[in-house]
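Descriptive structure summary
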Amino acid sequence: MEIVPNILFVVALAAGIGYFSANVRKLMRNIRLGKTVRVDGPVSQRWKNMARIALGQQKMVVRPVAGILHIIIYLGFVIINLEVLEIIIDGIFGTHRIFAFMGGFYDFLIGSFEILALLVIVSVVIFWLRRNALKLQRFWKPEMKGWPKKDADWILYIEVILMTLFLTMNAADLRLQELGSAHYEMAGAFPVSSYIAGWMSSWSESTLILVERGAWWLHILGILFFLNYLYYSKHLHILLAFPNTFFGRLTPQGQFNNLESVQKEVALMMDPNADPFAAPAEDTPPPDKFGASDVMDLNQIQLLNAYTCTECGRCTSECPANQTGKKLSPRKIMMDTRDRLEEVGRKLDANKGNWEPDGKQLLDDYISREELWACTSCNACVEACPVSIDPLSIILDMRRYLVMEQSAAPSDLNVMMSNIENNGAPWPFNQMDRLNWNEEN
Amino acid sequence: MEQEHKQTKGAKVATMAEMAAQGKQPEVLFWVGCAGSFDDRAKKITKAFVHLLQKAGISFAVLGTEESCTGDPAKRAGNEFLFQMQAAVNIQVLNGYGIQKIVTTCPHCFNTLKNEYPQLGGNYEVLHHTQLLRDLIRDGRLQVEGGSFRGKRVTFHDPCYLGRANGVYEAPREIIRKIDAELVEMKNCKERGLCCGAGGAQMFKEPEKGDKDVNIERTEQALETQPDIIAAGCPFCNTMMTDGVKNKEKEARIKVMDIAELLDGVADL
């Protein structure tokens, strides 16, 4: 029955990848609930941004401590995952260390994986301490209560477990190689696990095989579990950071989009030949909703932004409103958008893909008006995001809904707007007095 | 040609209507903005900038009573209708005069004219006044004879709509260095500059409930640099920082000044 582990492995692999792909399809379905959006600008610039910001981690190092630790973990995972390729081939064909034929290069690879694994463990421990011992403020804001806090800690625990399993597996393998056990030919360099192997010096061959096989299986099953954990976690950023930076804005941050639906209306109002009493043609579709009150009113990039957010809170810690104790937190805007989108997705699943209004929406049920009106549109959150998320665009779209669909602006702002309408300035001054300064000294 | 347009210090500024009546086209339109037209403090900035343009012998004009709000605060408040109405009217006026180049002392007008008008049919070269002043100094059209600010500690508050929004960080700083002042940076500056609290239409409403006002937080950051002068490049930031300094009862010792005012104090021919 030599073949049983191979079959079990293939089944586990297929189940892990299959379930993950199903969730990816669900994620794409949910993002497509948003409005389509024109992706302007040179594609070459978009690739460059992705290479610089996601692959190159450029914006992470604005905060050097977190940035460098993050780069270590990032490199660790990218590079150590080369080892997963070998594990998968070994698992399917029942081989052991199939790449060992590479000789010195293989030793170099395994050696560097081990050093990275150790560095990852050290970085993760520091990250855990920053969250739970130093209690950095941005990790303890109100929106982090409950699942977001647990999620963040879980990710750190899983990473330590995976790295420990990897090193344990190598340590037992090294002992077995030294004992000349069958199947365990000499291969690899073990700069880190050789220390662990020291503690295993008195263990019998069968114990070592049990530990080596156990760690090998738990490691790959752990990776498959982690892969499937992503969809339910903020950790999704490890994948979505790439498309998200690709679709990030290329225009100046100060440039807010001009609503095309409004452009049509304004053109009509300005047209001296337009008949103000004309009945709309029968086949005229109802006018577009202005602004956003729910996730379906947002565009697909904004929804991708929500799934990409890893809740690091750099946006919130740079936000002038949040710094001065207001309720607004740009991170919460993104978390709320994702939570509401997931809720809509679950209701779609329960309803065989048909949407029936559920009496809830993003506005008020998730994001309060007080939060929206506290924004100074200063773009600090947009600048701070290491993966090109734009919380400000969501805030603006929701303000547009409040003002243009609900006439629900704060009364001070209504005064400002009627001044602009009546006399072309936000204050009640006569437009004919605009040049008075020219007469004064 | 240049000489013909050259205006002397203290002379009244021509309007586009007057220029057009004489068949003249100025080199640049000075977009004054609502604050620069009506706010008593901001009017001083307008006048200082006009002095500088006159000293440099730039031919320029203003729209005067034909100017209207760009629509920036309406747009940031969410009233896209009102913004686009304002834009449509302003673009008609600007295009009617065949305007090519605009300079403004207000970063909000600057951002809106530069970034949001083109799609609606208004295409102009738009400069913030600190950019034009820097260019005039570089080209030698504006002579700077430092002295009165030598050794003075000046910290520059980046306006969000000039800095982060449009990536202009160096023009105002170059001018501060040119007047021999000692430029001192706040802990949050340039890309990480902290808002004064006025943007996004906040200028026109009461702040939401919180621990403190944004302008107080920013003023505290400015005071940490032990400045003699807090320099600004935006009439709204100027108001917010001035209020902040008063709140800290430091107005006797620390002035809040626009870059144009700093330069107007030292530039001479």
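Because the structure is predicted, anything quoted here is derived from the model rather than measured.

1. Notes on the overall build of chain A
Check the secondary structure of chain A and you find 17 helices and zero strands. A globule of 441 residues ought to have a C-alpha radius of gyration of about 22 Å, yet chain A, at 28 Å, is considerably larger. For chain A, the residues scored as buried account for 38% of the 441 residues in total. Put simply, of all contacts in chain A between residues at least 6 apart along the chain, 79% involve residues at least 24 apart.

2. Observations regarding the overall build of chain B
In terms of regular secondary structure, chain B is built from twelve helices and eight strands. Scaling as 2.2 N^0.38, a compact globule of 269 residues should have a C-alpha radius of gyration of about 18 Å, and chain B matches this with 18 Å. Each principal axis of the C-alpha distribution contributes one length, and for chain B these read about 55 × 45 × 30 Å. Within chain B, the proportion of its 269 residues that are buried is 59%. Of the contacts made within chain B by residues no fewer than 6 positions apart, 80% connect residues no fewer than 24 positions apart.

3. Brief notes about the domain arrangement of chain B
In many reports, interface size means the accessible area that the parts give up when they come together. Residues and elements named next belong to chain B. Assigned domains of chain B: these are domain 1 (2–135) and domain 2 (143–266). The distance between the C-alpha centroids of domain 1 and domain 2 comes to 23 Å. The interface is formed by 26 residues belonging to domain 1 together with 26 residues belonging to domain 2. Elements with a contribution of two residues or more to the side of domain 1 that touches domain 2: helix 3 (33–38), helix 4 (40–55), helix 5 (72–77), helix 7 (107–116) and helix 8 (129–138).

4. Looking at the sheet that holds strand 4 (residues 125–128) of chain B
Residue and element names in this part refer to chain B. Pairing within the open sheet is parallel, and its four strands lie in the order 2-1-3-4. Of all strands in the sheet, those with a lone pairing partner are strand 2 (60–61) and strand 4, marking the two edges. Pairing analysis gives four bridges linking strand 3 (residues 101–104) to strand 4, with the strands arranged parallel. Each residue of the ladder has a partner; that of Ile102, found in strand 4, is Val126. In this fold helix 7 packs onto strand 1 (28–31), strand 3 and strand 4, with an angle of close to 160° to the strand it touches most, strand 4.

5. Description of the UniProt feature "domain: Cysteine-rich" (unreviewed entry) in chain B
Residue and element names in this part refer to chain B. When the UniProt feature table is mapped onto this chain numbering, "domain: Cysteine-rich" (unreviewed entry) sits at residues 28–114 and 154–241. Taken end to end, residues 28–114 comprises 61% helix and 11% strand; its first and last C-alpha atoms sit 14 Å apart. Between the C-alpha atoms that bound residues 154–241 there is a distance of 14 Å. The span itself is 31% helix and 10% strand.

6. Details of the domain arrangement of chain A
Residues and elements named next belong to chain A. Splitting chain A by domain gives domain 1 (40–235) and domain 2 (260–268 + 289–430). Distance from the C-alpha centre of domain 1 to the C-alpha centre of domain 2: 38 Å. Of the residues lining the interface, twelve residues belong to domain 1; the matching set on domain 2 comes to 13 residues. When the residues that make up the side of domain 1 that touches domain 2 are grouped by side-chain class, the tally is five nonpolar, two polar and five charged.

7. Regarding the interface of chain A and chain B
Contacts between chain A and chain B engage 55 residues on the former and 59 residues on the latter. Grouping the amino acids of the side of chain A that touches chain B by side-chain chemistry returns 30 nonpolar, 15 polar and ten charged.

8. Notes on the nonpolar core
The biggest cluster of nonpolar side chains holds 148 residues, and the ones touching the most others in it are Met398 of chain A together with Leu52, Leu133, Ile230, Ala231 and Met241 of chain B. No other element matches helix 16 (residues 391–405) of chain A, which puts nine residues into this core. Residues contacting Met241 of chain B, with those up to four places away along its chain left out, are His157, Cys196, Asn215, Arg218, Thr219, Ala222, Ile230, Ala232 and Val256 of chain B. In this structure, Ala117, Phe127, Leu165 and Tyr184 of chain A belong to the second largest nonpolar core, which totals 32 residues.

9. Regarding the environment of Thr251 of chain A
Residue and element names in this part refer to chain A. For Thr251, the location among the structural elements is in the loop between helix 8 (237–246) and helix 9 (260–270). For Thr251, a count of 11 C-beta atoms within 10 Å puts it in the exposed group. Taking the C-alpha atoms as reference points, Thr251 and Gly41, 210 residues apart in sequence, are found 8.4 Å from one another.

10. Regarding helix 7 (residues 205–229) of chain A
Counting along an α-helix, one turn takes 3.6 residues, and residues three or four places apart therefore face a common direction. Residue and element names in this part refer to chain A. Taking 1.5 Å of rise per residue, the 25 residues of helix 7 would be expected to cover 36 Å, and the 35 Å separating its terminal C-alpha atoms lies within 8% of that figure. Among the residues of helix 7, Leu208, Glu212, Ala215, Trp216, His219, Ile220, Ile223 and Phe226 are the ones counted as buried. Contact partners of the buried residues in helix 7: helix 3 (64–93) and helix 5 (147–179).

11. Details of the packing of helix 5 of chain A against helix 7 of chain A
Residue and element names in this part refer to chain A. Where helix 5 contacts helix 7, the axes come no closer than 8 Å and their chain directions differ by 150°. For the element pair helix 5 / helix 7, the angle class is roughly antiparallel. When you trace helix 5 past helix 7, the crossing you get is left-handed. Of helix 7, the residues touching helix 5 (which contributes Ile158, Ile161, Leu162, Leu165, Phe166, Thr168, Met169, Ala172, Asp173, Arg175, Leu176 and Leu179) are Glu205, Leu208, Ile209, Val211, Glu212, Ala215, Trp216, Leu218, His219, Gly222, Ile223 and Phe226. Partitioning the contact of helix 5 with helix 7 into residue classes produces 17 nonpolar, three polar and four charged.

12. What about unusual backbone geometry?
Even without being glycine, His183 of chain A reaches a positive phi, approximately 75°. For His183 of chain A, the location among the structural elements is in the loop between helix 5 and helix 6 (193–199). You will see that Asp180 of chain B, though not glycine, has its phi angle at about 70°, which is positive. Here Asp180 of chain B lies in the loop between helix 9 (170–178) and strand 6 (182–183).

13. A closer look at the UniProt feature "transmembrane region" (unreviewed entry) in chain A
Residue and element names in this part refer to chain A. When the UniProt feature table is mapped to this numbering, "transmembrane region" (unreviewed entry) covers residues 6–24, 68–89, 109–129, 154–172 and 214–232. Across residues 6–24 one finds 100% helix and 0% strand; the C-alpha atoms that close the span lie 27 Å apart. What you have in residues 154–172 is 100% helix and 0% strand, and the ends, taken at the C-alpha atoms, are 27 Å apart.

14. Re the pairing of strand 5 (residues 153–156) of chain B
The two faces of the sheet receive side chains in turn, since in a regular strand these alternate between them. Residues and elements named next belong to chain B. In this sheet, strand 6 lies alongside strand 5 in parallel orientation, the contact comprising two bridges. By the bridge assignment, Arg153 is partnered in strand 6 with Glu182. In this fold, the crossover linking strand 5 to strand 6 by way of helix 9 has right-handed handedness. Strand direction decides the pairing type here: strand 5 and strand 7 (residues 229–232), joined by three bridges, are parallel. Along strand 7, the bridge assignment pairs Thr155 with Ile230.

The rules behind these values
Residues numbered from 1 in each chain as written. Chains lettered and ligands numbered in written order. Predicted model: local features only at pLDDT ≥ 70, side-chain atom pairs only at ≥ 80, totals over all residues. Helix = DSSP H or I, 4+ residues; strand = E, 2+ residues; numbered from the N terminus. Rg over C-alpha atoms; globule rule 2.2 N^0.38 Å. Buried ≥ 20, exposed ≤ 12 C-beta atoms within 10 Å, placed from the backbone. Contact = placed C-beta atoms within 7 Å. Domains from an automatic or database assignment. Pairing = 2+ DSSP bridges. Axes fitted to C-alpha atoms, helices over the stretch in contact; angles between N-to-C directions. UniProt positions renumbered as here; feature names shortened; annotations may be inferred. Nonpolar A, V, L, I, M, F, W, Y, C, P; charged D, E, K, R; others polar. Core = buried A, V, L, I, M, F, W, Y, C linked by C-beta atoms within 7 Å. Expected span 1.5 Å × (residues − 1). Parallel < 35°, antiparallel > 145°, perpendicular 65-115°, else oblique. Left-handed = near helix turned anticlockwise from the far one by under 90°. Right-handed = clockwise from strand over helix to strand, strands pointing away.

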